[in-house]
Amino acid sequence: MASISDYYAGKSVLITGATGFMGKVLVEKLLRSCPEVHALYILVRPKAGQSMQERVKDMMKCKVFDRVREENPDFHKKIVPISSELTQPGLAISPEDVEKLTACVNIVFHCAATIRFDEPLKHALQLNVIATQQLLSLAQQMHHLEAFIHVSTAYANCNRRHIDEVIYPPPVEPKKLIDSLEWLDEGIVRDITPRLIGDRPNTYTYTKALAECVVQQESTKLNIGIIRPSIVGASWQEPFPGWIDNFNGPSGVFIAAGKGILRTMRANNDAVADLIPVDVVINLTIAAGWYTAVHRPKSVLVYNCTTGGINPFHWGEIEHHVMSSFKRNPLEQAFRRPNANITSNYLINQYWILVSHKFPALIYDLFLRLSGQKPQMMRIFNRLHKAIGLLEYFSSQDWEWNSENMSMLMSQLTPEDKKTFNFDVRQLNWPEYIENYCIGTKKYVLNEDMSDIPAARQHLRKLRNIRYTFNTILLVFIWRVFIARSQMARNIWYFVVSLCFKFLSYFKASSTLTN
Ligand SMILES: CCCCCCCCCCCCCCCC(=O)SCCNC(=O)CCNC(=O)[C@H](O)C(C)(C)COP(=O)(O)OP(=O)(O)OC[C@H]1O[C@@H](n2cnc3c(N)ncnc32)[C@H](O)[C@@H]1OP(=O)(O)O
Ligand SMILES: NC(=O)C1=CN([C@@H]2O[C@H](COP(=O)(O)OP(=O)(O)OC[C@H]3O[C@@H](n4cnc5c(N)ncnc54)[C@H](OP(=O)(O)O)[C@@H]3O)[C@@H](O)[C@H]2O)C=CC1
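Predicted model, so just to flag it, every value in this text is computed and none were measured. (Residues numbered from 1 in each chain as written. Chains lettered and ligands numbered in written order. Predicted model: local features only at pLDDT ≥ 70, side-chain atom pairs only at ≥ 80, totals over all residues. Heavy atoms only, no water.)

Undergrad: For the packing of aromatic side chains, give the residues involved together with the corresponding values.
TA: In this structure the tally under the stated criterion is 22 aromatic pairs. Centroid distance Y155 to W399: 5.2 Å. Interplanar angle 90°. Geometry classified as edge-to-face. Note that Y155 is positioned in the loop between β5 (147–151) and β6 (162–163) and W399 in the loop between α14 (377–395) and β13 (400–401), a separation of 244 residues in sequence. For the residue pair Y155 and W399, the accessibility class agrees, reading buried in each case. Both rings, one in F240 and one in Y444, keep their centres 5.5 Å apart while their planes meet at 40°; by these two values the pair is tilted. With F240 in the loop between β8 (231–233) and α10 (250–258) and Y444 in helix α17 (residues 430–445), this residue pair connects regions lying 204 residues apart in the sequence. The buried category is assigned to F240, whose relative accessible area is 17%. (Phe/Tyr/Trp six-rings, centres within 6.5 Å; stacked < 30°, edge-to-face > 60°. Helix = DSSP H or I, 4+ residues; strand = E, 2+ residues; numbered from the N terminus. Buried < 20%, exposed > 50% of the residue type's maximum accessible area, 1.4 Å probe, protein only.)

Undergrad: Explain the site of ligand 2 to me, and be specific about the residues and the numbers.
TA: Taken together, the neighbourhood of ligand 2 is formed by 26 residues, with T19, R45, R55, E85 and Y204 sitting nearest. Between ligand 2 and T19 there is a distance of 2.7 Å, counted from an oxygen atom to a side-chain nitrogen or oxygen. At a separation of 2.9 Å, an oxygen atom of ligand 2 approaches a polar backbone atom of F21. Compared with its free state, where it exposes 890 Å², ligand 2 has 89% of that area covered by protein. Secondary-structure elements contributing two or more residues to the shell around ligand 2 are α2 (21–33) and α9 (203–217). When grouped by side-chain class, the residues that make up the shell around ligand 2 number 13 nonpolar, 8 polar and 5 charged. (Near = heavy atom within 4 Å. Polar contact = N/O pair within 3.5 Å; in protein donor to acceptor, adjacent residues only side chain to side chain. Areas by Shrake-Rupley, 256 points an atom, 1.4 Å probe, with all protein chains shown as cover. Nonpolar A, V, L, I, M, F, W, Y, C, P; charged D, E, K, R; others polar.)

Undergrad: Summarise the site of ligand 1; cite the residues concerned and give the values.
TA: Neighbouring residues of ligand 1: 22 residues in total, closest I115, R116, F247, G249 and R383. For ligand 1, an oxygen atom lies 2.8 Å from a polar atom in the side chain of R116. A distance of 2.8 Å is found between an oxygen atom of ligand 1 and a side-chain nitrogen or oxygen belonging to R383. In isolation ligand 1 offers 1300 Å² of accessible surface; the protein chains occlude 74% of this area. Within the residue set of the shell around ligand 1, elements represented by two or more residues are α10 and α14. Top contributing element to the shell around ligand 1 by residue count: α14, with 7 residues. Here the residues of the shell around ligand 1 are counted per class, giving 14 nonpolar, 4 polar and 4 charged. Of the domains in this structure, domain 1 (4–229 + 274–312) and domain 2 (245–272 + 313–398 + 426–448) are the two that each give at least three residues to the shell around ligand 1. (Domains from an automatic or database assignment.)

Undergrad: Give me the nonpolar core: which residues, what numbers.
TA: The biggest cluster of nonpolar side chains holds 108 residues, and the ones touching the most others in it are Y8, V27 and L30. Here the element with the most residues in this core is helix α11 (residues 278–295); it accounts for 11 residues. Residue assignment places this core across two domains, with domain 1 (4–229 + 274–312) and domain 2 (245–272 + 313–398 + 426–448) each supplying three or more. Beyond its immediate chain neighbours, meaning those up to four positions away, V27 contacts I15, A18, L40, I42, M59, F65 and I79. By size, the runner-up hydrophobic cluster in this structure holds 41 residues, among which are A39, V129, I197 and L210. (Core = buried A, V, L, I, M, F, W, Y, C linked by side-chain atoms within 4.5 Å. Contact = heavy atoms within 4.5 Å.)

Undergrad: If you had to explain the pattern of salt bridges to someone new, which residues and values would you point to?
TA: Two side chains of opposite charge can pair, provided their charged atoms sit close to one another. Under the defined criterion, the tally for this structure stands at 21 salt bridges. For E85, the salt bridge identified is with R45, shortest N-O distance 3.8 Å. In this pair, E85 is assigned in the loop between β3 (79–83) and α5 (95–104) and R45 in the loop between β2 (39–44) and α3 (52–60), connecting sequence segments 40 residues apart. Salt-bridge contacts for K61 lead to D58; the nearest nitrogen and oxygen are separated by 3.6 Å. Its relative accessible area of 38% is what places D58 among the partly exposed residues. Connected via shared salt-bridge partners are E28, K29, R32 and E238. (Salt bridge = Lys/Arg side-chain N within 4 Å of Asp/Glu carboxyl O.)

Undergrad: Before we move on, could you go through the sheet that holds strand β7 (residues 224–229) and cite the residues and values that matter?
TA: Taken together, the 7 strands give an open sheet; going across it, the order is β3-β2-β1-β4-β5-β7-β11, and neighbouring strands pair in parallel fashion. The open sheet has two edge strands, β3 and β11 (301–305), and neither has a second partner. Pairs of neighbouring strands in the sheet enclose a mean axial angle of 20°, with direction left out of account. When β2 meets β3, the two strands line up parallel, connected through 5 bridges. From the neighbouring strand, V44 faces β3, where its bridge partner is S83. (Pairing = 2+ DSSP bridges. Axes fitted to C-alpha atoms, helices over the stretch in contact; angles between N-to-C directions.)

Undergrad: Summarise the packing of helix α13 (residues 346–370) against α14; cite the residues concerned and give the values.
TA: Orientation of α13 relative to α14, taken along the N-to-C sense of each, is 155°, at an axis distance of 9 Å. Looking at the two axes, α13 sits roughly antiparallel to α14. Judged by the sense of rotation from one axis to the other, the crossing of α13 with α14 is right-handed. Contacts between α13 and α14 involve N349, I353, H357, K358, A361, L362, Y364 and D365 from the first element and M377, M378, F381, H385 and E392 from the second. (Parallel < 35°, antiparallel > 145°, perpendicular 65-115°, else oblique. Left-handed = near helix turned anticlockwise from the far one by under 90°.)

Here it is in structure tokens:
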């Protein structure tokens, strides 16, 4: 049987969401590991005052393409940008481009979506569901289509505890919802959104579940595969360890903790942190494209692309490794020394928010005001609280995903393909991965220089000295104001101090005995 790269040789591939986090890794991997691929058609919209061409030119300068650029400086010649706005009728693709695509595309990878948790329902529906429907219609017109791969999320059915590799009945018939939301105004839709999404936490997971249903409705006419990644994190091995380019999911949390801003968050120490490296997801996606085209399974194959059932790691362990990694490789200009703790207790979390977030922010803003600058810390904390409030649902619970199709697919690969398109997460060494992830946020998200690490360490030492000085002043203040003035407070103070001494000498004595 043809190897994966042999299969892609001479093929034309259509990719949506190529400018996004996962899309870029997909484009890079196809160009590097399937060098004979004929062309990659990517649907791109103009954005933020930049034309489609300017955006693609910028995208190709991205660091993620450094390796393929080195191996083949002309790699960009295989990328064919097609102007498209997915929220528009007919995806706003020109008739000439439609003709071109229907004549030559062999495989479609649909990655585009809005992944914002606070997206208004109408927009999330437009992009995640209606655009998927339109892309499927376009795919049906393609004369040589061999596979359609839809990227969903492992959390599409997060209202269930155990999730199999099947498409579950949708919360509502997508067509009915699309028809009714069409004539309702934004305000009404906003009001009824919580009722509609029911036991799902946001419009993202809700619309991704509806999209799966739309995909299934077309499954008799097309060869379809669905990839369901869990929490996609920085790359594990390819194109190089630790590549990441955004604040989504845990990355923003890691950065906020590394900068010493985030000190507390609600998460369950013992719950599985189902992170999956982006290169693993992309390798599986490419392999699923090959398998769907070559084997033409009778029904849609769903791949739960997760780590929890195979190589579990927990939020408590993540916290430990993130903190120690940022102490070894500090971020520049940290607000405080990195020291974040997670807790599943609501009240304890609220207490630390008050003491470790709001109080220091208030003092810092006061300092900024007094020195004639604009206060900013409280604003930053409000945004941070909004972001972590949206993530807590996922860090406080456990899910169980069945990932048999992932194992089945692995067993179908040749030994060579198993290495080139590695998605065997049993080999993942978590501490090493988290270390590279944290360094990746520093290098690729914050664009900080690794040569500045000694200065960043020096800055942390300065912050530690400030803390010691502050604590000493606070202690002296408490002593002078509250304790030194009253005989009873002094007695209680001496009692507590002597108790501490007794405990200390007891522990010292017992540890000498056991040694
Ligand atoms: C040590 C501790 C260990 C424990 C650690 C537990 C981690 C527990 C993770 C669970 C993770 C589950 C993940 C589920 C699995 C998926 O499905 S993963 C994909 C899911 N999607 C996301 O993660 C997107 C979530 N983000 C959002 O919905 C929106 O960005 C938010 C959070 C509502 C913020 O919206 P907004 O206030 O309008 O801000 P937005 O325009 O997005 O961004 C404004 C600025 O803030 C930055 N920013 C955005 N998000 C963040 C952030 N989180 N932090 C900092 N800055 C950010 C942006 O880059 C942007 O910068 P500028 O361009 O202005 O310079
Ligand atoms: N990141 C994660 O942790 C996870 C992601 N997923 C899924 O993986 C897929 C990719 O996610 P990810 O790469 O992280 O997301 P990104 O937000 O990084 O990328 C989204 C892509 O969709 C494109 N897009 C959005 N709106 C439009 C539009 N109106 N018209 C044309 N293109 C549009 C974006 O283009 P533009 O650059 O123009 O905005 C971008 O290329 C999604 O389907 C997501 O649901 C699943 C599980 C976890």
